[in-house]
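# Remarks on the overall topology
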Amino acid sequence: MAASSEKYDIVIVGAGPVGLLLSVCLARWGYKIKNIDNREVPTLTGRADGIQPRSLHLLRNMDLKRPIMAHQPAKVYEVAFWDPQSGGNGIHRTGNWAACPKFIDARYPFTTLLHQGLIERVFIDDLHKNGADVQRPWTITGFNNDGQDKTYPIEVNLKHMRTDEKEIVRAKYLFSGEGARSFIRDQLGVKIRHKDPISHVWGVMDGVVRTDFPDVKMKCTIHSDHGSIMIIPRENNMVRLYIQIASSTDKDFDPRKQATPEDVQASAKKILQPYYIEWDMVEWYSVYPIGQGIAENYTIDHRVFLGGDCCHTHSPKAGQGMNTAFHDALNLAWKIHHVEAGFANRSILQSYESERKHIAEELLDFDAKYAALFSQRVPSAGEVGAASEDNIDGAANEFVKVFKSSQEFTSGYGIFYGPNEFNWSSDHSAQSHLFNPKGNTVRVGRIMPPANVTRVVDANEVQLEQEIPLNGSFRIFLFAGSPSQTQRAVADFATNLQKKKSFYSTFAREDIASVSYHERHNPHSYFFSICTTFASPRDRIDISKMLPPILARYSDHVYADDVWDPKVPDAKAAAHAKLGLDADKGGVVVVRPDGHVGCVVTLVAGSGTVDALNDYFGAFVSKPIGNGKPQAQL
């Protein structure tokens, strides 16, 4: 066998959404990656097409939203529901409601529709800017975690699809983003467990149509006497049609059943009666079987990982596949980064599977509910209206409850990570009465609520949660309350940050003396960024007088909480209020690199606040901090 040559931090197999986003993150953070794909060229047409509100929020944080929106995708603000009329008179509209209702506090309350290939190209361009590219057409033929090289323990065998050229490389990590037919998953012996024995065969068609159907530019779920269909608007005047061709509940079910484009078009014409539809062109058409399956494991040895469609399969109805893949990639990326950068113990890699598999389980449970939600009966206009309200009382019926939970999940804002070393709870090893201050409404494990504030240095109104880009850092949001009441607490917070054994000082940059004056986000540490927000008008904030030097160094991240918010119309400091923090006393919110809240701590005079944070970070960092000891390695 040929000798191993190149060494990589990670080999990523597959250049779909999950593999590309993982590659983008790690390439940006300076890692040597090898991303291969067995296709000659990136996706040209079809496949996944829906970016949900939370995913667009994430892409904005990565500065990738603008190039994606440059392709002028369709935007779905409302979903229309159509059902049969009595007497066999075709279909009629029975309901409309928001794709992302008002009770979800979303920056972008719409679904973005754009074919997967255009999204992939944005990621590929970003990879190229950071010195990495996708190698095509290459495939993986074998791998072995042989441990012969302790730093690069995995041997990976690769082959060029056309020339049969072979290459052997070594890597610290191997990742499968290969999709449902994953070679790596099969070689690991990881089984797919099917949650629902019922499977379906779907047809999907992208094309340009002429029609008098009034809601063709909206997402539509249509039930008729001739079958059901889903309509999704797309870029460039295209429309996507999903139609169920066969189900395992059929007497003569054939999982390999096929249907021609003409068959699907004929079915659509019947379903849409009394409206007509004709096709000017068909860009993409596919028939594929779908079942609800989930991988038993996402990793075996915390060196070889699985993500995306090779971990979970489900129906395309709710547009969750690509979005779930994005969050798989991000979750793993920052954890690998923290281990390899020497910040965290290797044991944190266990949380990739526990966090992301739980979300996939919820997705499959949701998928089953979603499929049945509107087939049971047509909701009344009153129920539809109630479901869109911000506040629903305890008397709400089951439809309203299911609708709300479903919409939160499909938007991506329902992603919730349970208690672990990152997500503080009363069972966390860090114990202090200052955690989870009374009155705060921040939900640990979910993303931080959006809030607009005024940046002090330039008077710009900005989105607070977007001010620190996705750079692998924990975000320390110091809500400094009223300056007259928190002056001592803020000063003590700064003093204790600078103590030798604090979490902040322990992981200070080695080149701190030569850091550029213009470094905004990480002047002291690569692992922490600090934002300070006062519950005060901007013109009353003097950074040099009100903040100690260590906090004033983040002058571009000092804000005035003086922007009105309709969610809390009577609040004098809306950002504080949306998190349930006292506008006078403030508090500290720690947000993980992926935007999910890790803990909330009371801001007090003395060392208590930083002591609590030392204990929190001490649960997973690689060095002893505060009075703690380093945790055991995997």
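You'll find the protein chain entered in an unreviewed UniProt entry as Phenol 2-monooxygenase, with Letharia lupina given as the organism. Of the protein chain, the UniProt comment under Sequence similarities (unreviewed entry) reads exactly: "Belongs to the PheA/TfdB FAD monooxygenase family."

### A short note on the overall build of the protein chain
Regarding its fold elements, the protein chain presents 16 helices and 25 strands. When burial is assessed residue by residue, the protein chain has 59% of its 634 residues classed as buried. Within the protein chain, contacts between residues at least 6 apart in sequence are counted, and of these 72% link residues at least 24 apart. With an accessible surface of roughly 26300 Å², the protein chain has 48% of that area assigned to carbon and sulfur atoms.

### A closer look at the sheet that holds strand β7 (residues 111-113)
Backbone hydrogen bonds hold the strands of a sheet together, and the pairing may be parallel or antiparallel. Pairing within the open sheet is antiparallel, and its three strands lie in the order β3-β7-β4. Of all the strands in the sheet, the pair left with one neighbour each is β3 (50-51) and β4 (74-76).

### Considering the confidence of the model for the protein chain
Residues of the protein chain with pLDDT of at least 70 account for 89%, and the chain-wide mean is 89. Below a pLDDT of 50 lies the segment residues 374-384, which in the model reaches 17 contacts outside its immediate sequence neighbourhood of four places, other chains included. Every residue in residues 629-634 is under pLDDT 50, and counting partners more than four places away or in other chains gives 18 contacts.

### Some words on helix α16 (residues 608-618)
Burial analysis of α16 places eight of its 11 residues in the buried class, which makes it a mostly covered element. Within α16 the residues assigned to the buried category are T609, V610, A612, L613, N614, Y616, F617 and G618. On its buried side, α16 packs onto β21 (474-481), α11 (483-497), α12 (503-506), β22 (528-534), β24 (587-591) and β25 (597-601).

### Here we look at unusual backbone geometry
Along the chain, R136 connects to P137 via a cis peptide bond; the corresponding omega equals -20°. Looking at the element boundaries, P137 is found in the loop between β8 (134-135) and β9 (138-145). Between Q273 and P274 the backbone carries a cis peptide bond, its omega angle lying at 15°. Note on placement: P274 falls in the loop between α6 (261-271) and β16 (277-295). Not every positive phi belongs to a glycine, and Q72 is a case in point at roughly 55°. Position of Q72 relative to the elements: it lies in the loop between α3 (65-69) and β4.

Parameters at a glance
- Every chain is numbered on its own, with residues counted from 1 as its sequence reads.
- Totals for whole chains, interfaces and linings use every residue, but because this is a predicted model, local features are given only for residues with pLDDT of at least 70 and side-chain atom pairs only at 80 or more, for both listing and counting.
- Note that the side-chain values use all heavy atoms of the structure and ignore hydrogens as well as water.
- UniProt positions are given in the numbering used here, feature names are shortened, and annotations may be inferred rather than shown by experiment.
- Secondary structure follows DSSP: runs of H or I at least 4 residues long count as helices, runs of E at least 2 residues long count as strands, and numbering of each begins at the N terminus.
- Burial status follows relative accessibility: with a 1.4 Å probe on protein chains alone, a residue under 20% of its type maximum counts as buried, one over 50% as exposed, and anything between as partly exposed.
- The contact rule is simple, with two residues in contact once any of their heavy atoms fall within 4.5 Å.
- Method for areas: the Shrake-Rupley scheme with a 1.4 Å probe, in which residue coverage is limited to the protein chains shown.
- The pairing criterion is simple: DSSP has to find at least two bridges between the two strands.
- What pLDDT conveys is the predictor's confidence in a given residue, as a value from 0 to 100.

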